[in-house]
Amino acid sequence: MKKIAGWCWGLCWAVAAGAGQLSVDFTFSADDVSLAKAGEYTAIELADGSSVVDEEGAPSIPAKFANVLLPAGAQNVKISAAGEWSLLAEGITPYPAQPPSPKSKPRPAFVPANARYADAAPWPAAVAIWQGDHDMQGYRFVSVRVNPLAYV
């Protein structure tokens, strides 16, 4: 049976080659998620979340992006993430991710659901994804995409 599962995350960054660890916790509630019927599909939204198109036709699962300030002098930054499953909904089919389309251009043709819908592996597979580290005005931070929901 197809399911949408929510995650609660704890992200940890090991900094300065074992000299310290920075832990950032993200907690999501079922109240943060809204499900709306969209024809034969279900549109999924996350409070303060973003729509992400990793693969056209794959389940459109929202994500949360976060920037985490690193301590001065942090080196050898590594990211790890952990979470726990919590069943949010059963028997739904998320709306397929569609290609980005500027409002000034005609809408592209609808991309139907792809093979990800029949796969038993969670989509997206990663709990969190490193998006890069950045320097801004003398501060260094890491950008992370947190995936609090997965389609199984």
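The paragraphs below set out a description of the structure included in this document. Given the structure is predicted, the values throughout are model-derived calculations rather than measurements.

**Some details on the pattern of salt bridges**
What the rule picks out here adds up to three salt bridges. Salt-bridge contacts for E55 lead to R116; the nearest nitrogen and oxygen are separated by 2.9 Å. Placement of E55 in the loop between β4 (41–46) and β5 (64–69) and of R116 in the loop between β6 (78–90) and β7 (128–136) is noted, with a sequence separation of 61 residues between them. A residue is classified by how much of its surface remains accessible, and E55, at 27% relative accessible area, is partly exposed. By relative accessible area, which is 28% here, R116 ends up partly exposed. Note that R140 and D133 form a salt bridge whose closest N and O atoms lie 3.1 Å from each other.

**Digging into the pairing of strand β3 (residues 33–38)**
As defined by bridge partners, β3 adjoins β4 across six bridges and the pair is classed as antiparallel. For L35, the partnering residue across the bridge sits in β4 and is I44. Count of turn residues in the β3/β4 antiparallel hairpin: two residues, of which G39 carries a positive phi of about 70 degrees.

**So, unusual backbone geometry**
For the bond running from W123 to P124, omega is -5 degrees, close enough to zero to count as cis. Backbone geometry at D48 places phi at a positive 60 degrees, although glycine is not the residue there. Looking at the element boundaries, D48 is found in the loop between β4 and β5. Owing to a relative accessible area of 67%, D48 belongs among the exposed residues under this scheme. The phi angle at Q137 is positive, at roughly 50 degrees, despite the residue not being glycine. Locating Q137 in the fold gives a position in the loop between β7 and β8 (139–146). Residue classification places Q137 among the exposed residues on the basis of a relative accessible area of 75%.

Criteria and cut-off values
- Residues numbered from 1 in each chain as written.
- Predicted model: local features only at pLDDT ≥ 70, side-chain atom pairs only at ≥ 80, totals over all residues.
- Heavy atoms only, no water.
- Salt bridge = Lys/Arg side-chain N within 4 Å of Asp/Glu carboxyl O.
- Helix = DSSP H or I, 4+ residues; strand = E, 2+ residues; numbered from the N terminus.
- Buried < 20%, exposed > 50% of the residue type's maximum accessible area, 1.4 Å probe, protein only.
- Pairing = 2+ DSSP bridges.

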